[in-house]
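# Understanding the architecture of this molecule
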Amino acid sequence: MGLIPRGRSVLFVGDCYYNNYYLSRELRKLGWRADTLSFDFGNRNLDYSHGQDFVFKYSDVKDFREHWKFFLKSIARYKIFHFSGAHGLTFLKPNEYPPNLSGDSIYERTLRFSDRLTGHAIFNDRWDLKLLKKCGKKIVYTNNGCLDGVSQTSFSKWTGPESVCESCVWKQRPDVCSDEKNLEWGRIRNQLADFQVLLGGNRADLNINSKIHEVPEFYCLDPEVWVPELSIPKEFLLPYSKDTVKIYHAVGNYDSRTSQSKRNIKSTHIYTDVVNRLKSEGYNVELVFIKDVPSRDVRFYQAQCDIFADMLTFGFFGANIREGMMLGKPCVCYIRPEWREQMRAEIPEYERELPVVSATPDTVYDVLKELVLSEQKRKEIGAKSREFAMRWHSAMAGAKRFDQIYSELLRN
């Protein structure tokens, strides 16, 4: 790989599930130099990523030296740097390096360089991003959920069937989510990023900003990976008859995101009760609950299910529902009316065409019962879901949209 940056060049720094990976592959077909960099923290964090071009590991001082060289080369190689996830706007992650870095000549010189560049002798004062900006690079950032620039107080005020914060284990964890932490991050993010990606509304606090846009196409999938006619390996076959209506519900990192009372923001406690009620009333239905299965494998369970069931209080959906739509399944999730209005202002066709069936804890029994009883309705909604996902969440749609976004950034 040469060091002279082409005009159309982007490095995706950090993962947002597999979205970056598939987006970069399609951008290459449009003439972009598009590469991905993942951070391997040794805790299965790459399980949701379907591939990467470069990986940073954190084992000894040699890793830091290699990262530093890669960073400098990247300044020459790329014109756009696209980051993802709350607190993720950093290239060289100081807290991940082993403690024996102190005294290393390259590390100490980096500290002094950071001091000259930012006025602070603190390695993690976003000096790397400030250097990128001083070099004329464009910074793009993808928003990541409720705590990304919005205080816990503001988020808990959104109207709905109940406050999602009441079901969230992070409510009493200020090291993860608090007014001060969320807003401080939002200020840093808004200062550094030239363009920000959002989907689903949540326009409050620091998310009310002219740089933030609803861009569903970023959250993209490969339609040949999530294909409705997916062949199922023997080891993933579910032990249920064809006539059983299988309701898919999944939670990543279930144990850490679920309280002792079994409550979580994914509404697992609600779906368990509802499906048990349907079974007690004689309906041939099963809840297929999946947790912590690598992303490339979980689709084999998904493809065998008939209905996808997701969050009933949060107000929008994430990867589970996008995958379900791409597989041509009817999907159930609470869609907050205020967020629909916010989306309508920028992406009216997306909001108007959205095939997700909205439900609350009070209505989900009736919603699921209707879908369980009507195979025809499941097929009709499933067909619309696949069509919608192809238009808005396929990697091809993502590449087309970001070809426009990135090109406009480079012109300014």
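The sections below set out a description of the structure shown in this document.

### Thoughts on the overall build of the protein chain
Broken down by element type, the protein chain carries 15 helices and eleven strands. In terms of C-alpha radius of gyration, the protein chain reaches 22 Å, essentially the compact-globule figure of 22 Å for 412 residues. A principal-axis box enclosing the C-alpha atoms of the protein chain has dimensions of 70 × 45 × 45 Å. Counting only contacts in the protein chain whose residues sit at least 6 apart along the sequence, the fraction spanning at least 24 positions is 71%. By element, 49% of the accessible surface of the protein chain is carried by carbon and sulfur atoms, the whole surface being about 17900 Å². Within the protein chain, the 54 negative side-chain charges are centred at a point lying 5 Å from the centre of the 60 positive side-chain charges.

### Describing the pairing of strand β2 (residues 33-39)
Within β2, seven of the seven residues are buried, which leaves it mostly tucked inside the rest of the structure. Alternating residues of β2 divide into R33, D35, L37 and F39 and A34, T36 and S38, and every residue in both groups is buried. With five bridges connecting them, strand β1 (residues 9-13) and β2 associate as parallel partners. Paired with V13 across the two strands is L37, which belongs to β2. At this point the chain moves from β1, through helix α1 (residues 19-29), to the parallel β2, and the crossover so formed is right-handed. Note that β2 and strand β3 (residues 54-56) share three bridges and pair parallel. Each bridged residue has a counterpart across the sheet, and for F39 the counterpart in β3 is F56.

### Re the sheet that holds β3
Taken in spatial order, the seven strands line up as β3-β2-β1-β4-β5-β6-β7 in an open sheet, and their pairing is parallel. With partners counted over all chains shown, the strands left at the sheet margins are β3 and β7 (212-214), one partner each. Within the sheet, the average angular offset between the axes of one strand and its neighbour, ignoring direction, is 25 degrees. Here helix α6 (residues 179-192) sits on the sheet and contacts β5 (138-142), β6 (195-198) and β7; the angle it forms with β5, its principal contact strand, is near 140 degrees.

### What to know about helix α9 (residues 295-302)
Counting buried positions along α9 gives six out of eight residues, so the element sits mostly inside the fold. Packing partners of the buried residues in α9 comprise β8 (245-251), β9 (285-291), β10 (307-309) and α10 (319-326).

### Some details on the pattern of salt bridges
Using the criterion set out here, one finds 25 salt bridges in the structure. The shortest N-O distance in the salt bridge between R344 and E351 comes to 2.9 Å. A relative accessible area of 34% places R344 in the partly exposed class. Taking the shortest distance from any N to any O, the salt bridge between E349 and R391 comes out at 2.5 Å. Remark: R391 occurs in helix α14 (residues 375-392) and E349 occurs in helix α12 (residues 348-353); sequence separation between them is 42 residues. Here the salt bridges share partners, and the residues they tie into one network are R25, R28, D35 and D53.

### Some points on the sheet that holds β9
Reading across from one edge, β9-β8-β10-β11 is the order of the four strands in this open sheet, with parallel pairing throughout. One side of each edge strand has no neighbouring strand; the edge strands of this open sheet are β9 and β11 (331-332). Bridge count for β8 against β10 is two bridges, and the pairing is parallel. Residue pairing across strands places I247 opposite I307, the latter belonging to β10. The strands touched by helix α8 (residues 268-280) are β8, β9, β10 and β11; relative to β9, the strand with the most contacts, the crossing angle is about 155 degrees.

### Re the packing of α1 against helix α15 (residues 395-411)
Put simply, α1 and α15 touch, their axes get as near as 8 Å, and they point 70 degrees apart. When the axes of α1 and α15 are compared, the pair comes out roughly perpendicular. Contact residues: α1 offers Y22, L23, E26 and L27, while α15 offers A395, M396, G398, A399, F402, D403 and Y406. Of the residues belonging to the contact of α1 with α15, the class tally is eight nonpolar, one polar and two charged.

### Some details on α10
Given 3.6 residues per turn, any residue in an α-helix points the same way as the ones three and four places further on. For α10, the tally of buried residues reaches eight of eight residues, placing the bulk of the element in the interior. Considered for burial, the residues of α10 that qualify are A319, N320, I321, R322, E323, G324, M325 and M326. Trailing α10 by a residue or two, G328 shows a phi angle of about 80 degrees, which is positive.

### Structural notes on the packing of aromatic side chains
With the rule as written, the count across this model stands at 34 aromatic pairs. Ring plane angle 35 degrees and centroid distance 4.6 Å describe the contact between Y248 and F308, whose orientation is recorded as tilted. Of this pair, Y248 sits in strand β8 while F308 sits in strand β10, and the two are 60 residues apart along the sequence. F308 matches Y248 in its accessibility class, with the two residues each being buried. Through a chain of ring-to-ring contacts, three or more aromatic side chains come together here, namely F39, F41, F54, F56, Y58, W68, F70, F71, Y78, F81, F91 and W127. Lying over the aromatic face of Y365, R277 brings its terminal NZ or CZ to 3.5 Å of the ring centre. Cation over ring: R336 sits above W339, and NZ or CZ is 4.8 Å from the ring centre.

Calculation criteria
Residues numbered from 1 in each chain as written. Predicted model: local features only at pLDDT ≥ 70, side-chain atom pairs only at ≥ 80, totals over all residues. Heavy atoms only, no water. Helix = DSSP H or I, 4+ residues; strand = E, 2+ residues; numbered from the N terminus. Rg over C-alpha atoms; globule rule 2.2 N^0.38 Å. Contact = heavy atoms within 4.5 Å. Areas by Shrake-Rupley, 256 points an atom, 1.4 Å probe, with all protein chains shown as cover. Lys, Arg positive; Asp, Glu negative; His and termini not counted. Charge placed at Lys NZ, Arg CZ, Asp CG, Glu CD. Buried < 20%, exposed > 50% of the residue type's maximum accessible area, 1.4 Å probe, protein only. Pairing = 2+ DSSP bridges. Right-handed = clockwise from strand over helix to strand, strands pointing away. Axes fitted to C-alpha atoms, helices over the stretch in contact; angles between N-to-C directions. Salt bridge = Lys/Arg side-chain N within 4 Å of Asp/Glu carboxyl O. Parallel < 35°, antiparallel > 145°, perpendicular 65-115°, else oblique. Nonpolar A, V, L, I, M, F, W, Y, C, P; charged D, E, K, R; others polar. Phe/Tyr/Trp six-rings, centres within 6.5 Å; stacked < 30°, edge-to-face > 60°. Lys NZ or Arg CZ within 6 Å of the ring centre and 35° of its normal.

Nothing here speaks to function; it is geometry throughout.
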